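What follows is the residue order along each chain.
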Amino acid sequence: PQTIYLADYTVPAYHVDSVHLTFQLHPTATRVTSKIAFRPNPESADRAFYLHGEHMKLISARIDGQPVDVSLTPDGLTADVPDAPFIWEAEVEIDPQSNTALEGLYLSNGMFCTQCEAEGFRRITYYPDRPDVMSVFTVRIMSDLPVLLSNGNPTDSGDGWAEWHDPWPKPAYLFALVAGDLVAHSDSFTTSEGRDVALNIYVRADDIDKCAFGMEALKASMVWDERVYGRAYDLDIFNIVAVDDFNMGAMENKGLNIFNSSAVLASPETATDANFERIEAIIAHEYFHNWTGNRITCRDWFQLCLKEGLTVFRDQQFTADTRDPAVARINDVNALRGRQFREDAGPLSHAVRPDSFVEINNFYTATIYEKGAEIIRMLMTILGEEDYYKGLTEYFDRHDGQAVTIEDFFACFGDDDPRLAGFSRWWHQSGTPHVTIEQAWQGSELTLTARQETPPSAQQQHKEALPIPLAVGLIDADGRDLTPTSVLMLNDTTQSWTIDTRTTTPAWRDTNASASDQQNSDASDAPTLSLNRGFAAPIILHADQSENDLLRLMAHDSDTFSAWEAGRTLALNTLGDMARGIKTPSDAYVDAWCLSLRSEDRAPAFRALASALPSTMDIATHLKSQGHTPDPQAIYDARETLSQQFAEAAQDSLQRLFAQHQVTQSYRPDAEQSGKRALCGRILGLITRLDGGAEAAKQHANADNMTSQLTALGCLIGTEHATKSLEAFYQQWAHERLVIDKWFGIQIGQAAPADASKVAKFLTEHEAFNVKNPNRFRATLGALAANTAGFHTAGGSGYALLADWLITLDGINPQTTARMTSAFETWAMWDSARGEKMRVEMKRILSTPNLSSDTTEMITRILG
Ligand code: HT7
Ligand code: ZN
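Definitions and limits used
Residues numbered from 1 in each chain as written. Chains lettered and ligands numbered in written order. Predicted model: local features only at pLDDT ≥ 70, side-chain atom pairs only at ≥ 80, totals over all residues. Helix = DSSP H or I, 4+ residues; strand = E, 2+ residues; numbered from the N terminus. Rg over C-alpha atoms; globule rule 2.2 N^0.38 Å. Buried ≥ 20, exposed ≤ 12 C-beta atoms within 10 Å, placed from the backbone. Contact = placed C-beta atoms within 7 Å. Axes fitted to C-alpha atoms, helices over the stretch in contact; angles between N-to-C directions. Parallel < 35°, antiparallel > 145°, perpendicular 65-115°, else oblique. Nonpolar A, V, L, I, M, F, W, Y, C, P; charged D, E, K, R; others polar. Pairing = 2+ DSSP bridges. UniProt positions renumbered as here; feature names shortened; annotations may be inferred. Core = buried A, V, L, I, M, F, W, Y, C linked by C-beta atoms within 7 Å.

Visitor: Even after reading the chapter, I still don't get the overall build of the chain, so can you show me in this structure?
Guide: Assigned secondary structure in the chain consists of 27 helices and 32 strands. Computed over its C-alpha atoms, the radius of gyration of the chain comes to 28 Å, within 12% of the 29 Å expected for a compact globule of 864 residues. A burial count over the chain gives 50% of its 864 residues as buried. At a minimum sequence separation of 6, the contacts of the chain that also span at least 24 residues come to 70%.

Visitor: Looking at this structure, how should I read the packing of helix H9 (residues 547–556) against helix H11 (residues 587–598)?
Guide: Two quantities define a packed helix pair, namely the angle between the helix axes and the distance between the axes. With their axes 11 Å apart at the nearest point, H9 and H11 run at an angle of 5° to one another. When the interaxial angle is binned, H9 and H11 end up roughly parallel. Taking contact as the criterion, the partners of Glu 547, Leu 551, Met 554 and Ala 555 in H9 are, on H11, Ala 588, Tyr 589, Ala 592 and Ser 596. Across the contact of H9 with H11, the residue classes tally to 6 nonpolar, 1 polar and 1 charged.

Visitor: What is the right way to look at the environment of Ala 833 in this model?
Guide: The residue Ala 833 is located in helix H26 (residues 832–846) in this model. We classify Ala 833 as exposed; it has 10 C-beta atoms within 10 Å.

Visitor: Please explain the sheet that holds strand E6 (residues 66–67) as it appears in this structure.
Guide: What links the strands of a sheet is backbone hydrogen bonding, and the strands pair in either a parallel or an antiparallel sense. Read across the open sheet, the 8 strands follow the order E6-E5-E9-E3-E2-E12-E15-E14; overall the sheet is mixed. Strands with a single pairing partner mark the edges of an open sheet, and in this sheet they are E6 and strand E14 (153–158). Sheet topology places strand E3 (residues 30–40) next to strand E9 (residues 86–94); 9 bridges connect them, and they run antiparallel. Bridge assignment links Arg 31 to a residue of E9, and that residue is Glu 93.

Visitor: Which parts of the structure should I look at to understand the UniProt feature "domain: Peptidase M1 alanyl aminopeptidase C-terminal" (unreviewed entry) in the chain?
Guide: When the UniProt feature table is mapped onto this chain, "domain: Peptidase M1 alanyl aminopeptidase C-terminal" (unreviewed entry) is found at residues 548–863. Helix makes up 72% of residues 548–863 and strand 0%, whereas the separation of the span's terminal C-alpha atoms amounts to 43 Å.

Visitor: I tried to follow the nonpolar core on my own but got confused; where do I start?
Guide: Of all hydrophobic cores here, the largest spans 232 residues; its most connected members are Leu 177, Val 178, Val 241, Ile 258, Leu 784 and Leu 802. Per element, the largest residue contribution to this core is 9 residues, and it comes from helix H10 (residues 560–579). When residues no more than four places from it in sequence are discounted, the contact partners of Leu 784 are Ile 748, Ala 756, Ser 757, Ala 760, Gly 790, Phe 791, Gly 798, Leu 801 and Leu 802.

Shown next as C-alpha cells:
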C-alpha cells in the first residue's frame with residue numbers, strides 16, 4: 001500500500017461541470033451509465049486524464065460520442081482526451097449483492113443504498129473521486145422498487161423510474177442513492193428564509209413507530225442552526241433513510257442522509273435514554289454538516305477535521321443547549337478521555353491534521369473528531385463568543401461553494417491576531433499536553449505556576465509549547481467563589497500568575513515569580529483552586545491537590561464540571577491505591593460520596609454521573625501515568641470492593657432515594673426524566689449488591705420502557721436471576737434487531753472477567769449472531785473489547801477470540817475490521833506477558849493471506 005502525503009497535493013487536472021448518472025438497478029448486475037462534462041483546469045500543468053474506479057466491469061466508454069480506448073489500472077483508468085472541454089460517457093456493471101464491504105452501492109435487507117465517504121463513489125462509476133472536484137449531479141434511477149431516492153430535489157418520475165437534481169455543487173463522496181420498499185414518516189419545515197421543506201424519515205414498515213423522535217430532533221436542529229449560526233437549509237426536501245447494515249453512525253449526503261438504524265430509530269419500549277440522546281446528537285451532527293462539510297467541504301482528506309471537528313463542536317453546543325450543559329460537558333470529556341486520550345497516548349497517535357496516511361478510512365478517529373472539536377472550543381474560549389461567531393460568518397461568506405483547508409478556515413479569524421499566536425500548532429502537533437500546577441502562598445498572595453510538556457511520540461519527537469487556555473477559579477473555605485472564572489493563557493513552557501486573595505475583587509496578574517522556592521499553604525481555611533474549569537483545554541492536569549481541597553471542590557465548586565472532576569480525581573486516587581493494595585478508602589471520601597448521592601442541590605443526572613466510578617481503563621491509565629503497571633483484575637476487584645462499601649455506607653437512604661426519583665409521568669426521553677432514571681439505575685445497582693437482585697428482577701419484569709428494563713437486566717447479570725431474565729428478555733424482543741444487539745452486548749459487557757470471553761464465544765455461536773452485520777458484530781466482539789478486565793484476562797483468551805473474528809471479518813468488511821483492531825492499541829500499557837500475547841495475536845492477524853490494506857495499515861501502526 002502506498003503512503004499519501006499532504007505535501008504532494010496538486011490541484012485537479014480537470015474540472016467537472018456536470019454529472020448525469022442513470023442506474024438500472026439489479027441485485028447482482030446493476031448498470032450505471034455516466035455522462036460527465038470535463039473541462040481542463042487552467043491552474044493545473046498536468047493534462048493526464050485519470051479516473052478512479054474499482055470493483056466494476058467497464059462495458060463501454062466514449063468521448064464526445066466516439067468510442068475511446070482506455071487503459072485500465074488496478075484502481076482506475078486513463079485515456080487520451082482533447083485539450084478542450086469534452087463529454088465522457090461510460091457504462092459499467094456492478095454487483096451490489098456481493099458488496100459486503102458496505103462501501104459504494106450495496107444491498108441491505110433488500111434495500112439498495114450507498115456509502116461514498118471517503119472513497120466509495122469509485123466503486124459506482126469511473127470518476128475523479130477526490131473532494132476538491134465538485135459538480136452538479138442529475139440522477140435517474142430505474143427500478144421496480146417503490147421508493148427511489150437521490151440527492152437534491154425530485155424533478156420527475158414515472159412507472160419504475162425517478163429523477164433527482166441537486167443544484168448545489170458537491171464532491172462525489174456526498175453522492176447517495178436509495179431504493180427500497182420503504183415507508184416515510186413525513187413532516188415539513190419552513191426556513192427563516194421562507195423556504196418550505198418536506199421532511200421524511202424512510203424506514204421499513206415495521207419501524208414506522210420509531211421515527212417521531214428523530215423527526216423532532218431534525219426540526220430542532222434546523223431551528224438551532226438558524227438561530228445560533230444563521231444557517232438555513234437550502235433544498236426543498238430533506239430525506240433520512242434508516243439502514244440496518246452500516247459501517248458507522250450516519251452519513252451527511254446532500255439532502256439524503258443515510259443512517260445506521262441504531263442512530264435514528266427509537267421508541268420508549270425499544271430504545272434507552274442513552275440511545276435517544278445519541279440519536280438526537282447524530283441527527284444534529286449530520287444536519288449541521290449541510291453547511292460545515294457540504295456547502296463548504298474539504299480540499300483533500302488531510303483536512304477532514306475541518307468538517308468533522310467543527311461539526312462535532314456544533315453538535316456538542318446543540319446538546320448543551322438542548323439538555324443540561326454540565327452533564328453534556330461531562331459526557332463529552334468522558335468520551336474524549338476514553339477514546340482520544342487513549343489514542344494519543346499509544347502507537348496510533350496522530351495530529352488532528354495529519355501529514356500522511358495510507359488508508360483514509362482509518363483516519364475517522366477520535367483525534368480528528370473529538371480533539372478537532374476541542375480545538376474549536378478553545379478558539380471560542382480564547383476569542384470570546386462574539387469574535388468566534390464573526391469568524392464563522394466570515395468563513396461561510398468567503399468559502400461557500402469551495403473545497404478548502406484548515407489554513408483557509410483559520411485565516412477567517414484573523415490568523416495574525418496576537419491572541420491566536422501559535423494556536424495552529426494544535427492542529428499539527430500530536431499528543432496530549434501534560435500541565436503541572438504548583439501553588440505557593442506568601443501571606444494572602446497565591447502564586448500559581450503552570451508547566452506544560454507534551455511527551456514525544458513515534459512520529460513527532462520534538463514537541464513545542466502550545467497556547468493553553470487555563471480556566472481557573474478560587475473558592476473560599478465555605479465554598480464561595482472568591483473570583484469569577486478567569487482564563488489564564490499558558491503560552492510558554494512555564495508561566496506564573498499571582499493573586500492577592502484579600503483584596504475586594506481579587507484578580508490574577510502575570511508574574512515571573514516561580515512557585516518552587518515558596519511555601520505551600522497548609523492552613524485549612526486557605527482558598528482552593530478550581531482548575532481547568534469546564535475542561536476548557538484538552539490536557540492532562542497534575543495538580544497534586546490535597547484530599548481536603550478535592551472534597552471542598554466536590555461539594556461546593558460553582559463550576560459543576562469541576563465539582564464532578566474533583567470527585568473523579570478522588571475516586572482515581574482511591575481506586576489506584578486500592579488496586580495496588582496500599583490503602584483503603586478514607587471515611588471522609590466515603591461520607592462525601594454518600595452526601596453527593598443524596599444532595600438535593602445537584603440535578604439527578606449529575607448525581608448519577610458523580611456517583612459512577614471511573615472505568616477500569618481510566619484507572620489503568622491513571623496508574624500508568626504514575627509509573628505503575630496496571631493489573632486489570634486488581635482494578636476490577638478494587639472497583640467491586642469500593643462499590644460494595646458505598647452500597648453499605650448508603651444503605652439507609654437507598655430505598656428512599658430510589659422511590660423519591662421514580663418517574664411517574666408517561667415516558668419522555670428528555671434531560672429531566674432521563675436524569676432521574678439514570679440516578680435510579682445507579683441506586684438499583686447498589687441495592688442489588690445488598691438484596692441479591694430482588695428489586696432489579698421486579699423492575700425487569702414490570703418495566704414499560706427499555707431504559708428501566710435494560711438497567712435492571714444489567715444489574716441482574718451475575719445474580720441468581722440472570723439466566724431466567726436473559727431468556728425472558730430474548731423471547732420478548734427476538735423480533736427487534738436493535739434490542740437484540742443490546743442483549744448480546746450487555747451479557748458480555750457485564751460479565752465477570754473470567755467469564756467474558758466464554759460468554760462472547762458462546763454468543764458468536766448463537767443463531768442470531770451475524771458476522772456481516774456491523775451492529776451485531778460490534779455488540780458482540782466490541783463489547784468484549786470494552787470489558788477491560790474481561791478482555792485482558794491473563795490467559796489471553798479474549799485476545800485470541802477477537803483476533804479469530806477479526807481475521808474472519810476482514811474478508812467481509814475491511815473497514816469495520818480495521819476500526820476494531822484498536823482494541824489492541826494499549827498493548828504497551830500492560831505487563832509484558834499480556835503485551836506479548838497481544839502482539840502475538842496481532843502478528844497472527846497480519847500474517848493472514850490477502851489481509852486488507854485497511855487492517856494491514858492499522859496492525860502495522862499498532863505494532864510500531
Ligand atoms: N462523515 C461521515 C463519516 C464516514 C462514514 C459514515 C458512515 C459509513 C462510513 C463512513 N466513512 C466516513 C459521518 C460523519 O462524521 O458524520
Ligand atoms: Zn461528521
